[in-house]
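Coordinate inspection notes
Below are the chains, spelled out letter by letter.
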Amino acid sequence: MNQSNVMLVFPNPTINGLFSITISNANVDEVYISIFNVQGKEVFTSIDKNLSGTFNKQVNLGTLSKGLYYIKLNTGAEIKTQKLIIE
C-alpha cells in the first residue's frame with residue numbers, strides 16, 4: 001500500500017462480530033489479512049489477489065468471544081495493524 005491508501009474497519013466496535021475491511025486505492029498483487037486475539041493466537045486468515053481500486057471484504061467473527069482483537073494487513077510492501085473490538 002502506498003501513502004494514499006487508507007484502511008477502514010467498520011463498524012468498530014462490532015456487536016455481532018460482523019464487520020467490513022475497506023482499503024482505498026488498493027493496487028497490489030496480494031493482501032494477507034490475519035486477525036489475532038490478545039494472546040497472539042491467529043483466529044482468522046485470508047489471502048486476496050490481484051486487487052485494484054477499492055478493496056472491500058466482509059468478515060464474520062461471530063463465533064469468537066467478546067473482546068479485543070488485532071487485524072494485520074500485509075501487502076508485501078507494507079503492514080498495517082488495527083484494533084477491533086467485539087462487544
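Here is a short report on the structure shown in this document. (Residues numbered from 1 in each chain as written. Predicted model: local features only at pLDDT ≥ 70, side-chain atom pairs only at ≥ 80, totals over all residues. Heavy atoms only, no water.)

**Looking at the overall build of the chain**
Scanning the chain for helices and strands turns up 0 helices and 7 strands. When the helices and strands of the chain are listed from N to C terminus, the series reads β-β-β-β-β-β-β. Compactness check: the chain gives a C-alpha radius of gyration of 13 Å against a globular reference of 12 Å for 87 residues, within 12% of the reference. For the C-alpha atoms alone, the extent of the chain along its principal axes is close to 35 × 20 × 20 Å. (Helix = DSSP H or I, 4+ residues; strand = E, 2+ residues; numbered from the N terminus. Rg over C-alpha atoms; globule rule 2.2 N^0.38 Å.)

**Focus on the nonpolar core**
Among the nonpolar cores identified, the biggest contains 19 residues, and Phe19, Ile21, Ile33, Ile35, Ile71, Leu73 and Leu84 are the most heavily contacted of them. When residues of this core are traced back to their parent elements, those giving at least two are β1 (7-10), β2 (18-23), β3 (28-37), β5 (55-60), β6 (67-74) and β7 (79-86). Looking at which element gives the most residues to this core, the answer is β3, with 4 residues. What Ile33 contacts, discounting residues up to four positions off in sequence, is Ile21, Phe44, Thr45, Ser46, Asp48, Phe55, Lys57, Ile71, Lys72 and Leu73. (Core = buried A, V, L, I, M, F, W, Y, C linked by side-chain atoms within 4.5 Å. Buried < 20%, exposed > 50% of the residue type's maximum accessible area, 1.4 Å probe, protein only. Contact = heavy atoms within 4.5 Å.)

**Side note on the sheet that holds β6**
Read from one edge to the other, the open sheet built from 4 strands follows the order β4-β3-β6-β7, with strand pairing classed as antiparallel. Edge positions in the open sheet fall to β4 (42-51) and β7, since each of these has one partner strand only. When the angles between neighbouring strand axes are averaged without regard to direction, this sheet yields 20°. Sheet analysis places β3 next to β6, joined by 6 bridges and oriented antiparallel. Each residue of the ladder has a partner; that of Ser34, found in β6, is Lys72. (Pairing = 2+ DSSP bridges. Axes fitted to C-alpha atoms, helices over the stretch in contact; angles between N-to-C directions.)

**Observations concerning the sheet that holds β2**
Within the open sheet, the 3 strands sit side by side as β1-β2-β5. Their pairing is antiparallel. What marks the edges here is a single partner per strand, and that holds for β1 and β5. Strand-to-strand twist across the sheet, computed as the mean angle between neighbouring axes with direction ignored, equals 15°.

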